[in-house]
Structures are given as C-alpha cells and as structure tokens.
Amino acid sequence: MMQKRKTIRGNTVRITAAGILGVILIGALLLYLPVSNREPISFLDALFSAVSAVCVTGLMTVTPAVQFTLFGKVVLLLLIQIGGLGVLACATAFFLILRRQITVRDRVVLQESYGMYRLGGVVDLVKKVLIGTFAVEGAGAVFYMTRFIPEFGVLRGVWYSVFHAVSAFCNAGIDILGDDSLSRYAGDIGVNLTTMLLIILSGLGFTVWFDIIGNAKRLWKHELPRRWWFTRLKLHSKLALLVTLFLIVSGTLFVLAAEYHNPDTIGNMDLPHKILASAFQSVTTRTAGFYTFSQSAMHEESKLFLCLLMFIGGSPGGTAGGVKTTTVAMLLVACFTFVRGGNDMECMGRKISSANFRTGFCVTVVAFLAFITGTIAILIAEADSVPAINVLYETASAIGTVGLSADLTPNLGRFSQAVLMLLMYMGRLGPLTLALLFAGKSNPRDRIRSLPEERIMVG
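Keep in mind that this is a model prediction, so the values were computed, not measured.

The rules behind the values
- Residues numbered from 1 in each chain as written.
- Predicted model: local features only at pLDDT ≥ 70, side-chain atom pairs only at ≥ 80, totals over all residues.
- Heavy atoms only, no water.
- Helix = DSSP H or I, 4+ residues; strand = E, 2+ residues; numbered from the N terminus.
- Buried < 20%, exposed > 50% of the residue type's maximum accessible area, 1.4 Å probe, protein only.
- Contact = heavy atoms within 4.5 Å.
- Areas by Shrake-Rupley, 256 points an atom, 1.4 Å probe, with all protein chains shown as cover.
- Axes fitted to C-alpha atoms, helices over the stretch in contact; angles between N-to-C directions.
- Parallel < 35°, antiparallel > 145°, perpendicular 65-115°, else oblique.
- Nonpolar A, V, L, I, M, F, W, Y, C, P; charged D, E, K, R; others polar.
- Expected span 1.5 Å × (residues − 1).
- Phe/Tyr/Trp six-rings, centres within 6.5 Å; stacked < 30°, edge-to-face > 60°.
- Lys NZ or Arg CZ within 6 Å of the ring centre and 35° of its normal.

Chemist: Can you help me understand the overall build of the protein in this one?
Modeler: Of regular secondary structure, the protein possesses 19 helices and two strands. Residue burial in the protein is summarised as follows: out of 459 residues, 51% are buried. Taking the contacts inside the protein whose residues are at least 6 apart along the sequence as the reference set, 68% of them involve residues at least 24 apart. In the structure as shown, the protein presents an accessible area of about 22,800 Å², 66% of it carried by carbon and sulfur atoms.

Chemist: What should I look at first to understand the packing of helix α8 (residues 154-169) against helix α9 (residues 189-204) in this one?
Modeler: Two packed helices can be described by the angle between their axes and the distance between those axes. Following both chains from N to C, one finds α8 and α9 inclined at 40°, their axes separated by 8 Å at the closest point. Here α8 lies oblique to α9, going by the angle between them. Across the interface between the two elements, Ala-165, Ala-168 and Phe-169 from α8 touch Thr-195, Leu-198, Ile-199 and Ser-202 from α9. In the contact of α8 with α9, the residues fall into five nonpolar, two polar and no charged.

Chemist: Explain helix α4 (residues 70-85) here, please?
Modeler: Residues three or four positions apart in an α-helix share a direction because the helix packs 3.6 residues into each turn. A rise of 1.5 Å per residue sets the reference length of α4, with its 16 residues, at 22 Å; its end C-alpha atoms lie 23 Å apart and thus fit the reference within 8%. If you check which residues of α4 are buried, you get Gly-72, Lys-73, Val-75, Leu-76, Leu-77, Leu-79, Ile-80, Gln-81, Gly-83, Gly-84 and Leu-85. Following α4 by one or two positions, Gly-86 has its phi on the positive side, about 105°.

Chemist: What is the right way to read the packing of aromatic side chains from this model?
Modeler: Both the distance between ring centres and the angle between the ring planes are used here to describe each pair of aromatic rings. On inspection of all chains with the given rule, the structure shows 13 aromatic pairs. Relative to Phe-305, the ring of Phe-254 lies with its centre 4.1 Å away and its plane at 15°, an arrangement referred to as stacked. With Phe-254 in helix α11 (residues 235-259) and Phe-305 in helix α13 (residues 300-312), the pair connects residues that are 51 residues apart, well separated along the chain. Residue classification places Phe-254 among the partly exposed residues on the basis of a relative accessible area of 29%. Above the ring of Tyr-260, the side-chain terminus of Lys-274 is found at 3.5 Å from the ring centroid.

Chemist: Please clarify how the side chain of Thr-287 should be interpreted in this entry.
Modeler: Within the fold, Thr-287 resides in the loop between α12 (271-284) and α13. Non-local contacts of Thr-287, meaning those with residues more than four positions away in its chain, are made with Asn-171, Ala-320, Gly-321, Gly-400, Thr-401 and Val-402.

Chemist: How should α13 be read in this particular structure?
Modeler: The end-to-end C-alpha distance of α13, which contains 13 residues, comes to 19 Å, matching closely the 18 Å that a straight helix rising 1.5 Å per residue would cover. Where α13 is buried, its residues contact α11, α12, α14 (325-339), α15 (354-381) and α16 (388-399). Immediately beyond the C-terminal end of α13, within one or two residues, lies Gly-313, with a positive phi of roughly 75°.

Spatial relationships are all this shows, so hold off on functional conclusions.
Printed below as a string of structure tokens:
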C-alpha cells in the first residue's frame, strides 16, 4: 500500500511539473505572436513573461501595459488565472464544464495534490475552490471599478478592474497600468485596501477558508460557543492566521521605521499615508508583487528584511509562494522544544509529528539552497556590476514567487534572466515537489533493513 501511494505521489508530481511547463510553453508561443504585441518582442522576453504569469510571480523584462495588445493582455490574464488555481484544478474545471466523468485515477491525483486524507469529496473541494476564487475575484473587481471606471471610463475601467483583481488574488502582481505598478494610488485607501485584502485572503489558503467557514456555520447554528470559535480551529489554521498577522504587523512597523525619513520612498508622505504605504509593502512582500513606492530606492536594511518576508511567503493550500508560514512556525516550535529539553513537538495542545518536521525542514533547506545558488550564479554572471543586495532582492522575489523588483530584472543579461525563470518555476512547483521530482525510486527493502545507529556531533 505504501509503495502504491508513493507511486501515485510520484505520478502527481510529474503531472504537476509537466502541466505547468506545458502551459508556460503554450503561453510563450501565444505571447510571441505578432497579434499579441504592439512592437516586436524576442522569444526569450515572451517566455519570461509566460513563466512569470503562470508562476504568479510578477517579475517582467518588458512593460505589459506598453508591450502587449489587448489580445496579449488577455493571454496574460488567462495564464495568471491558470497559474493561480493550478493546472490540475483548471483541468478538472474543464472536465466539469464538458460534463465529463472524473475518473477514480483523476480523483486520486487530485487527492494527493491537495493533501487530502480521503478520496471522497475531492471533486466537491475543487468546486468550492473554483467558486470561492471567482466570488472573491468578482468582489475585488467590483471594488476596483469604483475607482477605475471614473478614471478610465466604463469599458477600460471594467477591464482594468477584472485584470487587477485576478492578478492580486492569484498573487501575480502583474499590472497593465504603466511602468510604476500602483504608485499613482499610494494614497488611495480604496485601491490599497482592496489589493491588500485580495492578497491576504488568497495567501491564507483555501484550507483556512473552509475551516473558518465551517466554524462560522457551527456558531450560526449555536453548536459552538463564541468564545471557542478560535480554539476549535485546526492547528494549521491557527498557525496560518497568527503567523500571517505577526508578519504583516512586524513588516509594517519595520518599513515605517526604516523608511520614515527616506524622501525617495515614504519620506514625503504624511503619517497616515506612510502607515498605509508601509502596510501595503508588508502585505505585498508576502508573495504579491504590486508596490506603491520605488523598490530600488529603499535602504539596504529594508531590502534585506523584506527578503526574509518574501522567502517565508504565505500559507499552504492557496496561491502564495515561499516556504510557507506554517513551515516556519513548525521549525520555531521544534527549536523551542529542543531548547526546553523536550522530545515531542507540541503547539496549542496539539502534537506535531516528526514526519511533519522532516517535511518542513526539507522544504526550507531546498528553498534556501536554490535561493543562494541562484544569487551566486547571477553575481558571477554579472561580474559584480550590480549591488549584491539588489540581486538578493530579485532572487528572493523569484523563489518566493513574489515579483517585486529593485529595477534590476530588465537590465540583467540573458543568463541571469534564465536563472530567474528557473527560480520562479522552482518556486511555483514548491521545494518539496521539486525534491520529489528529482528523487530516485527507492528499493522497498532499503526501508525494511535495520541499520546501526550512530550519533554525530553538531553545534
């Protein structure tokens, strides 16, 4: 049974990796067509744009608002939506539209991809994900329309609203407004709050959504006392909510303090707008990519701190990238347990399994190695012609599928841009998926064989 499950998991990993790669190549070909461009574009730029869209990152070598025609922007939008939902979910949605029967094998693949313990209800889960996604994106588009329609007119205002709602919810951070993202709306509370809410909701993950909704239903039916609303959430949801809140608050305070007097970022704003811009920056580094002030003009300490936030990313089960909030929380719990001299990892009255810890540790190590290797490769390729902190910012943005740029990506050489594409692809697959993809098949007898245990010195 265990060998069969491992085979299914391997098939799921390969299907996911191949599916994402296939969508990227199709998207690159479509973006390379003359009908997609206002001026000629190289295939590598079209490929980079497709990778960024499907991997919901946002790093670009061209300015979408200037480079692409309406057809090209529609292609970008579709790539972002597919990348945000996931290839498997989109394929399932396509089968449901065609009223095609979802086979048992398809259900098993979906079960493994969503990390479910039971086969039953897999298709219903995908339906809920699709409905929830389109509902939230639709609500976000309506809020955007209140700002964009008066500014751009009905048709263009609706189009801009839909595009940026999808881009924000899918954490892509690609805009079609110009070359300065949302900087012109730095003081617009409506645009800022709408974008931040879309990023946060998608970054929490669908698992947290359904857990909260389930508890809310129990509260409504008086099956659960109000004071138990949070305590009855699953440990995963508790950690995702608490770590997300902590990172947003700490990021806001750090950016506000570090950039308070910087005239090139928030220094010339009044206090309320400084707080708003700092909060937006903290939220967007969690894996979105929009910005309301210059990223290259920030102090080095700000960039370094934001690299950490980008590396952590959002929560599992959604559209966010990074090593994930729950992974970092679990590793911190493991450290505290070790310092206290304990053996079992406990958090909020729940025990965290050693298998969970091994998975989280593997995810973090693989992501960190990819991050550092990519950074070194670009530094060598660019021959120290760019500041190291800016390279760190770009590679952290790529591996975390964030999309924030210190105005460096378009000016890099083709090799360095290829490294960023690879990091974006790895970040979208996820470190664990990447490790499983390249892991060789193990001999079942290797797991049964008893080996002598020996301790090594650490620290």
